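Remarks on the overall topology
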Amino acid sequence: MYHFVALLWNAEDPLARDAAAQLHRKLRHSAHPWACEFSAEGMSVFALSPCDPGLRCYVLPGDAGVVLGRLFTADPAGARFAQVERIDGDATREIIRTGGMHLIRNMWGGYVALLRDGEGHCAYAIRDCSGKIPCYHTRFRDVTILFADVSDLAPLELPAFTVNWQYLAAFIHSSQLQVRACAFKELTEVLAGERVEVRGGLVRQATLWDPRDITRRGWIDDYEDALAQLRESAQSCIDAWAEVYDPILHSLSGGFDSAVILGLLSHSPARPDVTCLNQFAAAAYDDERRYARLAAQHGGVRLLEIPMAATADRFDSRLLSGPRTPKPTLAGLFRQLEAGLINDTAARTGARTLWTGQGGDHIFLQTTDPASAGDYRATRGLRPGLIAAVRDAAHLSRQPYWLVLKSALQTERRFAARRGGGLARAGWLVDPAALPDDTDAYVSHPWAAAAPDVPRGKRLQIRFLAEVVNRHRPIPRLERAPQHHPLLSQPLMEVCLRIPTYLLVRGGRERGLARDAFADRVPAEILHRRDKGSIVSHTTEMLRQSEGYVRELLLEGTLAGAGLIVRGDLEPHIVHGQPFREEHLPPLLACIAAEAWVRTCGRSVASAAA
């Protein structure tokens, strides 16, 4: 987590200047040790010294701003990615001239850039496409305030925020939504890959790094070439991050993606000290320890095994003791319960970050959707290879060959009509009247906008990617070893976006290309397994162990009082003991997360709004 507060204003507006000066003084006199990393007409940036060893501050020359985070650049002499030590004047001028696009195209890492164009009388805030560092903004008296942690705004003494009930309803309805709106009406999230432009009194937010544009650069359409580029890019990204983090605590689930990371780390020239952590489920069919042990032995590292139930055995009042956040998350529910365990384990190993395999399903393509056959027809036409693509898609989706072929030959218009279009059909638990009027549009990420020139399967992968790069939200001041997701590195994501889906699932296997690319990095038993670990049974048991608490939390809670949830949908399950179905879990967990959020983050305004 990089704690920062940036003030952006129109330097020619005396009222904005006065408001910015007042906010500047309040931060200067705050009880926290805020360092003023940058100050010039129209922009001030304050930051706390980051605890994450992978983060630092880059000050741009010529009063052009700062970049907070970690930057790498491609080494012209080879494929290796080198750490950026400083950004020189020539690079800075290009970054400002292109509104940040030069930074996006020539450097990568995990960062938020705060840029000032003195000649153009505007400023920019850019969040990189990995989403490593959170970034939100709000407006106060003609000053745009950007920040990572909402609690850091306390010294500014801003007016109280108001609860966004429509957002909370949409979150319960579609728990994986990743949109700019927040659970406070006054806050807006800068999504991964986006830029906020402040020019005069206008604030505009738009996509800067667009995965649809990456696919338009041209396909890596030869299998051997795709294999080599995927392998080389993944190893180079892991090598770059391994030079920054040492020692490393790595979450080794027993699945393919975390095993790939460990295999790549074991071949990294940095040779970091790695300790692996496996949190195993009580149910024998969900216990992944056998695979985690194989991966740890293959990588020659120590493995710590801890039962999930050691910390996250039930939902209880710990959910109400977390810090204030701009929006609730499902992942945050579990991370809050296990934070103490992760902190203690990291302290014992000396690690200051927890690596995960998050993102592998999305970039390597873990899906049973048969759209890859249609992608072949769209990009290569009616060539003999279409038969193999149909065969792979049919095997993957377990659908008849003729049905997959028919779908592959359909035009975009006929396909859309067959699918029916609408995403948002109010379902279990949430009251339809509480949802936004156009829920489809509300829950859609900007990358989901119409792009008929991008094949259907690739659009599906981009939708997966939009969810995962915006999922990472550290829990401020609670996590002493925040998560790091090295697979969500820009060069690796871009390589995977340029590889057609029919190559990614070659042989009718989910993540088929990745299995071939990392065959010598992963134990054969993990490489060839077709099942995938799940925490469904563990989560269901947690709910059963917490029935009394969940019953009080939800049936007597603020959301029920505000009319967001349908009590009649809940009562059979948490009062009368009727079993949950798997599709019930996301909205139910979202409801728990939203209720906990309202009670901890929105309590000052919740009752009035209700």
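Heads up: the structure comes first, above all this text.
Among the structural elements, Gly561 can be located in helix α23 (residues 558–562). C-alpha separation for the pair Gly561 and Pro579, spaced 18 residues apart in sequence, amounts to 25 Å.

Okay, the packing of aromatic side chains next. Applying the stated criterion across every chain, the model contains 14 aromatic pairs. With centroids separated by 5.4 Å and ring planes inclined at 50°, the aromatic side chains of Phe161 and Phe184 adopt a geometry described as tilted. Taken as a pair, Phe161 in the loop between β10 (143–147) and α4 (165–173) and Phe184 in the loop between α4 and β11 (188–189) lie far apart in primary sequence, 23 residues in all. Accessibility classification places Phe161 together with Phe184 in one group, the buried group.

A few words on the packing of helix α9 (residues 330–349) against helix α25 (residues 585–600). Contact pair α9 / α25: the axes reach a minimum separation of 8 Å and the direction vectors enclose 65°. Note on packing geometry: the crossing formed by α9 with α25 is left-handed. On the side of α9, the interface is formed by Leu330, Leu333 and Phe334, while α25 contributes Pro586, Leu589, Ala590, Ile592 and Ala593.

This brings us to the pairing of β10. The side chains of a regular strand alternate, residue by residue, between the two faces of the sheet. When you tally the buried positions in β10, you get five out of five residues, the bulk of the element. Along β10, one buried face is formed by Val143, Ile145 and Phe147 and the opposite face, lined by Thr144 and Leu146, is buried too. Where strand β1 (residues 4–9) and β10 come together, five bridges link them in antiparallel fashion. Residue pairing across strands places Val5 opposite Phe147, the latter belonging to β10. What sits between the antiparallel neighbours strand β9 (residues 136–140) and β10 is a turn of two residues, in which Arg141 has the positive phi angle 45°.

In this section: helix α17 (residues 490–498). Of all nine residues in α17, eight are buried; the element is thus mostly enclosed. Among all positions of α17, only Gln490, Pro491, Leu492, Met493, Glu494, Val495, Cys496 and Leu497 are buried.

Where helix α12 (residues 385–397) meets helix α13 (residues 401–409), the closest approach of the two axes is 9 Å, and the angle between their N-to-C directions is 120°. In terms of their interaxial angle, α12 and α13 are classed as oblique. Our pair here, α12 against α13, has a crossing hand that is right-handed. In this structure, α12 uses Leu386, Val390, Arg391, Ala393, Ala394 and Ser397 to contact α13, whose residues at the interface are Tyr401, Val404, Leu405 and Leu409.

Looking now at a nonpolar patch on the surface. Residues Leu382, Leu405 and Leu409 make up a contiguous nonpolar surface patch of roughly 290 Å² in combined accessible area. Take Leu405: it is sitting in helix α13.

Attention now goes to the pairing of strand β5 (residues 65–74). Most of β5 sits inside the fold, with eight of its ten residues counted as buried. Two strands pair when backbone bridges link them, and strand β4 (residues 56–59) and β5 are joined in this way by four bridges, in the antiparallel orientation. The residue bridging Tyr58 from the neighbouring strand is Val67, located in β5. Adjacent in sequence and paired antiparallel, β4 and β5 are bridged by five residues, among which Gly62 carries a positive phi angle near 70°. For β5 and strand β7 (residues 108–117), the ladder comprises eight bridges, and the chain directions are antiparallel. Directly across from Phe72, in β7, lies its bridge partner Trp108. In the sheet, β5 pairs with strand β6 (residues 81–83) via three bridges, with the strands oriented antiparallel. Looking at β6, one finds that Thr73 is bridged to Ala82.

Turning next to the side chain of Asp316. Structurally, the position occupied by Asp316 is in the loop between β16 (302–307) and α9. In terms of polar contacts, Asp316 uses its side chain to reach the side chain of Arg318, at 2.9 Å. When neighbours within four sequence positions are excluded, Asp316 is seen to be in contact with Leu337 and Tyr549.

What follows covers the sheet that holds β1. Here six strands make up an open sheet; going across it, the order is β2-β3-β1-β10-β9-β11 and the pairing antiparallel. Two strands lie at the open edges of the sheet, namely β2 (35–40) and β11, each paired on one side alone. In terms of strand pairing, β9 meets β10 through five bridges, oriented antiparallel. Opposite Phe140, over in β10, you have Val143 as the bridge partner.

This part takes up the state of the cysteines. Taken as a whole and assessed by the stated rule, the structure comprises zero disulfides. Not engaged in a disulfide, the cysteine Cys122 finds its nearest cysteine sulfur in Cys135; these two sulfurs lie 16 Å apart. Classification of Cys122 by relative accessible area gives buried; the value is 5%. Unpaired in terms of disulfides, Cys496 finds its nearest cysteine sulfur in Cys237, a separation of 9.6 Å. Judged by relative accessible area, which is 0%, Cys496 ranks as buried.

Structurally, Leu202 can be placed in strand β13 (residues 202–207). Between the C-alpha atoms of Leu202 and Asp316, which are 114 residues apart in sequence, the distance is 44 Å.

This next bit is on the sheet that holds β16. The strand order across the open sheet formed by five strands is β16-β15-β14-β17-β18, and the pairing between neighbours is parallel. Two strands in the sheet have a free side with no partner beyond their single neighbour: β16 and β18 (483–484).

Ranked by size, the top nonpolar core spans 97 residues in total, and within it Ile87, Leu230, Leu465 and Phe518 carry the most contacts. The leading source of residues in this core is helix α6 (residues 223–244), at eleven residues. Once residues within four sequence positions are removed from consideration, Phe518 is found in contact with Leu230, Arg231, Ala234, Phe256, Val260, Leu264, Phe364 and Leu527. Among the nonpolar cores identified, the runner-up in size contains 73 residues, and Leu158, Trp165, Ala169 and Val550 belong to it.

Glancing now at the side chain of Asn164. Along the chain, Asn164 turns up in the loop between β10 and α4. Engagement of the side chain of Asn164 in a polar contact is seen with the backbone nitrogen of Tyr167, the distance being 3.1 Å. Dropping the residues within four chain positions of it, Asn164 is found in contact with Cys182, Ala183, Phe184, Lys185 and Tyr442.

Going from Asp246 to Pro247, the amide bond is cis rather than trans, its omega being 0°. For Pro247, the position within the fold is in the loop between α6 and β14 (248–251). If you check the backbone angles, Glu157 has positive phi at about 50° while not being a glycine. Mapped onto the elements of the fold, Glu157 is located in the loop between β10 and α4. Unlike most non-glycine residues, Leu365 shows phi in positive territory, near 75°. Structurally, Leu365 can be placed in the loop between α10 (360–363) and α11 (371–380). Look at Leu365 and you get buried, because its relative accessible area is 3%.

Definitions and limits used
Residues numbered from 1 in each chain as written. Predicted model: local features only at pLDDT ≥ 70, side-chain atom pairs only at ≥ 80, totals over all residues. Heavy atoms only, no water. Helix = DSSP H or I, 4+ residues; strand = E, 2+ residues; numbered from the N terminus. Phe/Tyr/Trp six-rings, centres within 6.5 Å; stacked < 30°, edge-to-face > 60°. Buried < 20%, exposed > 50% of the residue type's maximum accessible area, 1.4 Å probe, protein only. Axes fitted to C-alpha atoms, helices over the stretch in contact; angles between N-to-C directions. Left-handed = near helix turned anticlockwise from the far one by under 90°. Contact = heavy atoms within 4.5 Å. Pairing = 2+ DSSP bridges. Parallel < 35°, antiparallel > 145°, perpendicular 65-115°, else oblique. Patch = residues over 30% accessible without salt bridge, like charges linked within 9 Å, V, L, I, M, F, W, Y side chains within 5 Å. Areas by Shrake-Rupley, 256 points an atom, 1.4 Å probe, with all protein chains shown as cover. Salt bridge = Lys/Arg side-chain N within 4 Å of Asp/Glu carboxyl O. Polar contact = N/O pair within 3.5 Å; in protein donor to acceptor, adjacent residues only side chain to side chain. Disulfide = S-S within 2.5 Å. Core = buried A, V, L, I, M, F, W, Y, C linked by side-chain atoms within 4.5 Å.

Purely geometric numbers; function is a separate question.
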